[in-house]
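So you can see what is in the structure, the chains are spelled out below.
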Amino acid sequence: MPKRTSTTLKLYRKGVEERRYYGERTPKDLVRYALNMLGDHAKSISTEEELEKFTVSDPEYMFVGAFAEDTELYQEFLKQAELKREFFRFALVRDPELLKKIGQTNAVVAYQPEFLRNKWEPSRKVFTGIPFDLGDFIHSARVDLVGVITRNTKEEFEVFRPLLITSFDVDFDVNRKHTNYVRNRLLKVASEFSPQIHMTMGNLNITRYYAPDDRYNDTGIVMTVIDKAGWEYTVPKETEFSLENLRKVVTDVISGEIKGKPYKSDEAPVQKKRVKKAVADTFHDIVLDETKNVLVEFYSPYCGHCKALIPTYNELASRAREEQSLVIAKMDAVSNSVPRPFESRGFPTIYYVPKGKNPRPIKFEGERTIEGFIAFMQQHTKEELKFVEPEAKVPEEGGGSGSCR
């Protein structure tokens, strides 16, 4: 029997490989991707008719840059449009009369997909902040009162916790009546409790990431909670989906009566090294401290690549010793559960978590060198980070089953 291989799709421009395609493999998604990648990364719009047509043209959020002048935000908008054009559609408005219609002259306006618009929330979001934050605004725009979660967007929703994920036969084309029936009840409850809890809905195939098969209830609706610390809890299948029960689940999550827990955790160690050792039970306090920038390595103690990284990682921590806002951390991902939205499918897996509320972990995929780590962290940090010469080298205990890479 021939060996099965996965199909890899790549985009080429004029014979040069530009990027790999990671999206869904349906005809509709492939056509959408191809159209997004054709032509300018930000379409020029100059009439109300063109604007109206653009803002109902896609099943994802659409972004309009409204700029009277070439500001720093304008430059960042063009940069983000090129970087994210495979995921979203972008348009640019410079016409004075149309800018008056939009009501902005130095902003990025996000338009909600038409089929998701509802009476409980505005259908557009406006960004006028510093250019550095625009990328996060674009990624988080789809996190509505009740957005639609997929396997490609789950990390963006998992950042906003506590999170209630409702999985059922979501289909706005074939099953619109039932889909809207469930969504309207979710919207009503979400509007009552936002922002204490975030809510989303997804198709039943999303449950394989969160809930075992035996948790389906008679209505085909599965509710899964990801608590503030990133741990999962699946609502018992005997709980019927209703407004009353939904409110009860939400209030229990907010009060802390419902919360998840790690499947396994080492005992918390005494911190004696520059590199902080996290375990599942202390992960939230060490890695998700909103006042700290954190670089965290998930390792296996049996992984050769992880062992080879130890001297570099220790030196990095030594060089960061005078930067009070920065923590260099690691966790044994074999003997500890890994919380959402982090994933560790091979070792070592490294993330950078910028400080702030609801930070979005950024996966490190560069060269594992001192220079590579420092450049990566600085790229994703608003303030200048301070690094000094390393201390005299002191041997430190090892650490990173899974595959090495």
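For the structure, see preceding data.
A. Quick peek at the pairing of strand β4 (residues 62-67). Within β4, six of the six residues are buried, which leaves the element mostly enclosed by the surrounding structure. Burial along β4 is two-sided: Met 62, Val 64 and Ala 66 facing one way and Phe 63, Gly 65 and Phe 67 facing the other are all buried. One ladder, built from five bridges, connects β4 with strand β5 (residues 89-93); its direction is parallel. Looking across to β5, one finds that Phe 63 is bridged to Phe 90. In this view, the connection linking β4 to its parallel neighbour β5 by way of helix α3 (residues 72-84) has right-handed handedness.

B. The arrangement of the side chain of Ser 318 in detail. With respect to the helices and strands, the residue Ser 318 is situated in helix α10 (residues 304-319). The residues touching Ser 318, leaving out its near neighbours within four places in the chain, are Arg 274, Val 388, Pro 390 and Glu 391.

C. Quick peek at the packing of α10 against helix α11 (residues 370-379). It is the contact of α10 with α11, at a shortest axis distance of 10 Å, that shows an interaxial angle of 50°. The pairing of α10 with α11 is recorded here as oblique in orientation. Crossing of α10 against α11: the hand is right-handed. Residues Leu 309, Thr 312, Glu 315, Leu 316 and Arg 319 of α10 lie in contact with α11, whose contacting residues are Ile 370, Phe 373, Ile 374 and Met 377. Across the contact of α10 with α11, the residue classes break down as six nonpolar, one polar and two charged.

D. Representation of the pattern of salt bridges. A complete count under the given rule lists 18 salt bridges for this structure. One salt bridge in this structure joins Lys 248 and Asp 252, with 2.6 Å as the shortest N-O distance. On the criterion of helical spacing, the pair formed by Lys 248 and Asp 252 is a turn pair, its members being four residues apart in helix α8 (residues 243-255). Close ionic contact of Glu 343 with Arg 345 constitutes a salt bridge, the shortest N to O distance being 3.4 Å. Shared partners join several salt bridges into a network, and the residues in it are Lys 154, Glu 155, Glu 343 and Arg 345.

E. Geometry of the side chain of Thr 200. Its location among the elements puts Thr 200 in strand β10 (residues 198-203). Take Thr 200: its relative accessible area is 0%, and that puts it in the buried class. A polar contact is formed between the side chain of Thr 200 and the backbone nitrogen of Ile 149, at a distance of 3.4 Å. Not counting residues within four places of it along the chain, the set of residues in contact with Thr 200 comprises Val 146, Gly 147, Val 148, Ile 149, Phe 157, Leu 163, Leu 164, Ile 165 and Thr 166.

F. Seen up close, the packing of aromatic side chains. Overall, the coordinates contain 18 aromatic pairs when judged by the stated rule. Taking 5.9 Å as the distance between ring centres and 50° as the angle between the ring planes, the aromatic pair formed by Phe 67 and Phe 77 counts as tilted. With Phe 67 in strand β4 and Phe 77 in helix α3, this residue pair connects regions lying ten residues apart in the sequence. Take Phe 77: its relative accessible area is 0%, and that puts it in the buried class. Over the ring of Tyr 74 we find Arg 94; its NZ or CZ atom is 4.6 Å from the centre of that ring. Directly above the ring of Tyr 299 sits Lys 330, whose terminal nitrogen or CZ lies 5.5 Å from the centroid.

How each quantity is defined
Residues numbered from 1 in each chain as written. Predicted model: local features only at pLDDT ≥ 70, side-chain atom pairs only at ≥ 80, totals over all residues. Heavy atoms only, no water. Buried < 20%, exposed > 50% of the residue type's maximum accessible area, 1.4 Å probe, protein only. Helix = DSSP H or I, 4+ residues; strand = E, 2+ residues; numbered from the N terminus. Pairing = 2+ DSSP bridges. Right-handed = clockwise from strand over helix to strand, strands pointing away. Contact = heavy atoms within 4.5 Å. Axes fitted to C-alpha atoms, helices over the stretch in contact; angles between N-to-C directions. Parallel < 35°, antiparallel > 145°, perpendicular 65-115°, else oblique. Left-handed = near helix turned anticlockwise from the far one by under 90°. Nonpolar A, V, L, I, M, F, W, Y, C, P; charged D, E, K, R; others polar. Salt bridge = Lys/Arg side-chain N within 4 Å of Asp/Glu carboxyl O. Polar contact = N/O pair within 3.5 Å; in protein donor to acceptor, adjacent residues only side chain to side chain. Phe/Tyr/Trp six-rings, centres within 6.5 Å; stacked < 30°, edge-to-face > 60°. Lys NZ or Arg CZ within 6 Å of the ring centre and 35° of its normal.

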